[in-house]
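Inside the fold
For reference, the chains in residue letters:
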Amino acid sequence: MDGIKVIIETCTGCGLCLRACPYQAIELREKKAWITDNCTLCGACVEACPWKAIVIAGWKPIPKEDLSQYRGICVMVEHRFGELSPIVPEIIGAALALKQQFKGDPRTVSALLIGSGVRALSEELFAYGVDEVWLLDKPGIDPFAEDILADLAARAIRDRKPEIVLGGGTVMGRSLLPRMAAKLRTGLTADCTELSIDPETGLLRQTRPAFGGNIMATILCESSRPQMATVRHKVMKPAPKEIGRTGQVVELDYKVPKSDFEILEFVEDTSQKLDLTEADFIVSGGRGLGDPKNFSYIEELARTIGGTVGASRAAVDAGWIPYPHQVGQTGKTVNPKIYIACGISGAVQHQVGMKGSDVIIAINKDPNAPIFSIAHYGIVGDLFQVIPELIRQLRSKEQG
Amino acid sequence: MKIAVCIKQVPGTTEVQINPETGTLMREGVEGIINPFDLYALEEGIRLKEKYGGTVTVLSMGPPQVESAIREAISYGADEGVMISDRSFAGSDTLATAGTLAAALRILGPFDVILMGRQAIDGDTGQVGPETAEHLGIPHVTEVKMIEGVEGNRITLRRMLEHGYLRLKAPLPILLTVVKEINTPRPASFKGKLRARQVPVKILSGKDLDLAPKIVGLSGSPTRVIRVFTPPKPTGGKVFTGEPKEAVQSLLRALKEAGIPMNCKNGS
């Protein structure tokens, strides 16, 4: 297998890599590890080998163009109905943090703002601390018409040449940025939870969870520009807003193409007052509730703390609560400040969707439930007693 | 209607555990499965065919073992399966994968509708769909939760967004990525299982796709993984037992001491 190598002298034939390999791509041949064609170069074995006997040979990329002409950090601005999306201050926060790391060689943080009648949002972007707004404000740009947005944004990036482009790990961001990256033939790292500048090379180190959060990977984009990343919602610290800060507006003047899409309507989901992915407090119920009626316990607790209702797959599959509430691998990934799991055993598939929560509180009658292994706080007990008691004490505290 | 469904074989994750000693993933004996989201894409492809006629072609890129995933897809009702496999494809990032898939789709097509799951559960990127569409020069829509219908060469869709969904009309050909809510996949039929064993699975190699070596695999991938590690585990939680009243009191006290507000109305 090309690219990956077993150092025969160092390999002890212990077999740990065989177990670590997600693709069954390693065999033992004459008591040494042997990489077969099934290998995808995922790197799990490199991590697993205690003897450092497996290496993925660094393929040396050759840049197609002079990379030094690319400078600065660009933030993709997402907006809807005349308002900035909640993730925008977080992306700016991440960009400003990166700016700090270019010591002695300051970079500009700019915001790419495209739309119709969006000029006023520039003020807000300056308040969050961007140096420049690259503005394309023309009629006929629907914020949902992604095809023309991708065209225009890619064009702006080609013209302005930032070295880093950051977008939101939102539905729109995770659709628009890959489209742009493919147009620009450059690398894009999805849903980053950590970004930093390598002090020696000045490259963007992009760290993200994979394998449902069981593995973290740090990724570089060495030979093409810009280096693009989407950032996971509610992970990066939002930039503080200071009204009155100013900056420079750079006017872009491109002809707006006609969209292939005909946007009919946006239908607000009224069953969900607050989107789970944006919620600060989530109370989730699972199989332990035993009956759809018992979701009232979850709803009551959510109401008490001003939170949003989530659910495990078991509860959704049983038809107790609709799919938009599902947290986990086939549902939503959430990052609230507090996540309260009630009657949820905490299968890996559920953990994947909520492990990023700041504080996890588990209520379960089974002390051996896997949820307790990742919970920061837990109560072992009957949720039908614990939840009402919790509500009672929270309410009395509020009054007192 | 010519329909393509791109599927990915991923490690079956139900038994994934972290080895407490080495801190690495233990996947001993775990079989490869079809990425769960791709099953919804496949079902939607079969439903489109049932409604509008045509064929469903399943494509999968990966090492030789993806053949089992393709055969499984045929057992659910796909008409034919194509495996995109070559040693030179290993190490592809999303851009190189998309370029390779697009080349295969171009050779096998043209397709009216190309379906994929919203993301694969191993990589979790969700980028291959939009990138493939760009390589093909056709529009894409992600997170589709309903296909309302097809009229002429226009397709009406519902797409999930934060706080609701968007109804839109899009032209064909188009690439769609789908969410779980779109349907309930059917089980394999007996006839399908028989077919899955008999139908030949076509293989497209690097030579068949006629792609320059520098745009596939590792060398065609602008991103490079330089470090893989397991995230730090939580430092072990405080668990309270006993009478609900005392347990709740202890919990609220512990939260207060840690400065964690339990009420978003007062706290944050």
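Everything numeric in this text was worked out from a predicted model, so none of it was measured.

Taken together, the contacts link 99 residues of chain B with 108 residues of chain A. In total, chain B and chain A occlude about 9,500 Å² of area from one another, counting both sides; carbon and sulfur atoms represent 58% of this. Area buried by chain B at its contact with chain A is led by E162, H163 and M262 of chain B, which between them contribute 8% of it. One can count eight salt bridges joining chain B with chain A. Across the salt bridge formed by E265 of chain A and R167 of chain B, the nearest N and O atoms sit 2.7 Å from each other.

Time to look at the sheet that holds strand β15 (residues 227-231) of chain A. Each strand in a sheet pairs with its neighbour through backbone hydrogen bonds, running either in the same direction (parallel) or in the opposite one (antiparallel). Residue and element names in this part refer to chain A. Strand order in the open sheet formed by seven strands is β11-β15-β10-β5-β8-β9-β16, with parallel pairing between adjacent strands. Strands with a single pairing partner mark the edges of an open sheet, and in this sheet they are β11 (188-192) and β16 (248-251). Averaged over neighbouring strand pairs, the angle between their axes works out to 25° when direction is ignored. Two strands pair when backbone bridges link them, and strand β5 (residues 73-76) and strand β10 (residues 164-168) are joined in this way by three bridges, in the parallel orientation. Bridge pairing links C74 to V165 in β10.

Time to look at the domain arrangement of chain A. All names here are of chain A. The domains assigned to chain A are domain 1 (4-56), domain 2 (67-251) and domain 3 (276-399). The C-alpha-based centres of domain 2 and domain 3 are spaced at 33 Å. At the interface, eight residues of domain 2 touch nine residues of domain 3. Across the domain 2 to domain 3 interface the summed buried area is about 700 Å²; carbon plus sulfur atoms make up 47%. Our enumeration of links across domain 2 and domain 3 arrives at one salt bridge. For D280, the salt bridge is made with K234, and the minimal N-O distance between the two is 2.9 Å.

Throughout the structure, instances matching the rule amount to 38 salt bridges over all chains. For D105 of chain A, the salt bridge identified is with R71 of chain A, shortest N-O distance 3.0 Å. Of this pair, D105 of chain A sits in the loop between α3 (88-101) and β8 (109-115) while R71 of chain A is found in the loop between β4 (54-56) and β5, placing the two residues 34 residues apart along the sequence. Owing to a relative accessible area of 41%, R71 of chain A belongs among the partly exposed residues under this scheme. Among the ionic pairs, D79 of chain B bridges to K49 of chain B, the shortest N-O distance being 2.9 Å. Of the two residues, D79 of chain B is situated in the loop between α2 (66-76) and β7 (80-84) and K49 of chain B in helix α1 (residues 36-52); the sequence distance between them amounts to 30 residues. By relative accessible area, D79 of chain B is classed as partly exposed at 22%. For K49 of chain B, a relative accessible area of 24% corresponds to the partly exposed category.

Structurally, the position occupied by S60 of chain B is in strand β6 (residues 55-61). In this structure, S60 of chain B is in contact with I7, K8, Q9, V66, I70, V82, M83 and I84 of chain B, ignoring residues within four places of it in sequence.

Thresholds, definitions, all that
- Residues numbered from 1 in each chain as written.
- Chains lettered and ligands numbered in written order.
- Predicted model: local features only at pLDDT ≥ 70, side-chain atom pairs only at ≥ 80, totals over all residues.
- Heavy atoms only, no water.
- Contact = heavy atoms within 4.5 Å.
- Buried area = accessible area lost by both parts, 1.4 Å probe.
- Salt bridge = Lys/Arg side-chain N within 4 Å of Asp/Glu carboxyl O.
- Pairing = 2+ DSSP bridges.
- Helix = DSSP H or I, 4+ residues; strand = E, 2+ residues; numbered from the N terminus.
- Axes fitted to C-alpha atoms, helices over the stretch in contact; angles between N-to-C directions.
- Domains from an automatic or database assignment.
- Buried < 20%, exposed > 50% of the residue type's maximum accessible area, 1.4 Å probe, protein only.

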